[in-house]
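Residue-level structure breakdown
Here is how the chains run, residue by residue.
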Amino acid sequence: MISITILGTGNVAQNLFEAFLLADGVEVLQVVGRAADRMEFFKHRTTLVTYEEKLDPTDIYIIAVTDDAIREVSDKIVTSGLVVHTSGAVGISMLETHERQGVFYPIQTFTKGRILDFFKIPLCIEATNENDLKLLHRLGSSISSNVVPIASDKRRALHVSAVFVNNFTNYMYTIGAELCKENQLDFSLLKPLINETVEKLDFLDSFVAQTGPARRGDLQTLHTHLSQLKSKKHREIYTLLSNSIKATYPIKKDKS
Ligand SMILES: NC(=O)c1ccc[n+]([C@@H]2O[C@H](COP(=O)([O-])OP(=O)(O)OC[C@H]3O[C@@H](n4cnc5c(N)ncnc54)[C@H](OP(=O)(O)O)[C@@H]3O)[C@@H](O)[C@H]2O)c1
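Summary of the structure given here. (Residues numbered from 1 in each chain as written. Predicted model: local features only at pLDDT ≥ 70, side-chain atom pairs only at ≥ 80, totals over all residues. Heavy atoms only, no water.)

1. Topic: the overall build of the protein
Within the protein one finds nine helices and eight strands. For the protein, the C-alpha radius of gyration of 23 Å lies well beyond 18 Å, the compact-globule estimate for 256 residues. Along the longest, intermediate and shortest principal axes, the C-alpha atoms of the protein span 75 × 40 × 30 Å. In the protein, which comprises 256 residues, the share counted as buried stands at 37%. Taking all contacts inside the protein whose residues are at least 6 apart in sequence as the whole, residues at least 24 apart take part in 54%. Computed over 29 positive and 30 negative side-chain charges, the separation of the two mean positions in the protein equals 9 Å. (Helix = DSSP H or I, 4+ residues; strand = E, 2+ residues; numbered from the N terminus. Rg over C-alpha atoms; globule rule 2.2 N^0.38 Å. Buried < 20%, exposed > 50% of the residue type's maximum accessible area, 1.4 Å probe, protein only. Contact = heavy atoms within 4.5 Å. Lys, Arg positive; Asp, Glu negative; His and termini not counted. Charge placed at Lys NZ, Arg CZ, Asp CG, Glu CD.)

Structure (structure tokens):
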């Protein structure tokens, strides 16, 4: 049995808690949080502890707090056990006050109140010694079919990539929704298009899958779109992305 403490009560803490609850050979002994109202989700399901209280010893301590608070929370833990964080962007050395350090980073977007099935979520693990890497592999395999050892520099590169494919893409949906609203259009008209954009990646490389006026070199359409956009911010983003696509797919001049 692997015993665990989860520190943090947000999106990742809640999702990991639910996943470990269903896992064989893992027990979440305690969840540590700052405020009683934020711990409501875990109430009557495990022991709830505040940062001022003494923690029971566990095999692993999972710090699932905001990136900027990882060091502060890590420094509050007194243990000879394995201490890990769940961030894609923070190096393992942030936990340097502990002898046994690790990372347990799930590549997914988590939102409070939405519990996901971990089975297909890739888990990036890292540890400062071989035995702890094995322990994290065992822990990860209890909830996911895809556990991958990845060092801090590679994980950080993966995280930047994740920001492009997830955070920036989602922001594009927000702009699309704003434009629909301005023109009294229903955003759900775009949902089949959004779904197909993602689904075709199962059999096409994104480079090959690119379509649109910038990809085709339809300059007249690009100018018309720009003249339709009322917001300066939207025009800047449209121009930046279109120029980047045009540079990626230079249009061959007809030799005749
Ligand atoms: N969300 C994702 O999609 C995702 C995916 C992969 C990895 N991660 C990583 O997972 C970690 C947690 O992300 P999240 O999305 O779960 O964040 P979140 O929902 O915003 O929750 C953040 C947690 O950090 C706690 N916290 C903030 N400052 C603190 C401090 N000074 N001392 C103690 N606790 C503090 C908050 O406590 P209060 O509630 O009391 O404010 C809250 O429990 C981050 O390292 C993030 O990079 C996130």
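2. A look at the site of the ligand
Near the ligand lie 22 residues; those nearest to it are Thr9, Val12, Arg34, Asp67 and Phe110. Thr66 has a polar backbone atom sitting 3.3 Å from an oxygen atom of the ligand. Within the side chain of Asp67, a nitrogen or oxygen atom sits 2.6 Å from an oxygen atom of the ligand. Here the ligand, which alone exposes 900 Å², has 81% of that area covered by the protein. Taken together, the elements giving at least two residues each to the shell around the ligand come down to α1 (11-22), α2 (70-76) and β6 (101-106). Across the shell around the ligand, the residue classes tally to nine nonpolar, nine polar and four charged. (Near = heavy atom within 4 Å. Polar contact = N/O pair within 3.5 Å; in protein donor to acceptor, adjacent residues only side chain to side chain. Areas by Shrake-Rupley, 256 points an atom, 1.4 Å probe, with all protein chains shown as cover. Nonpolar A, V, L, I, M, F, W, Y, C, P; charged D, E, K, R; others polar.)

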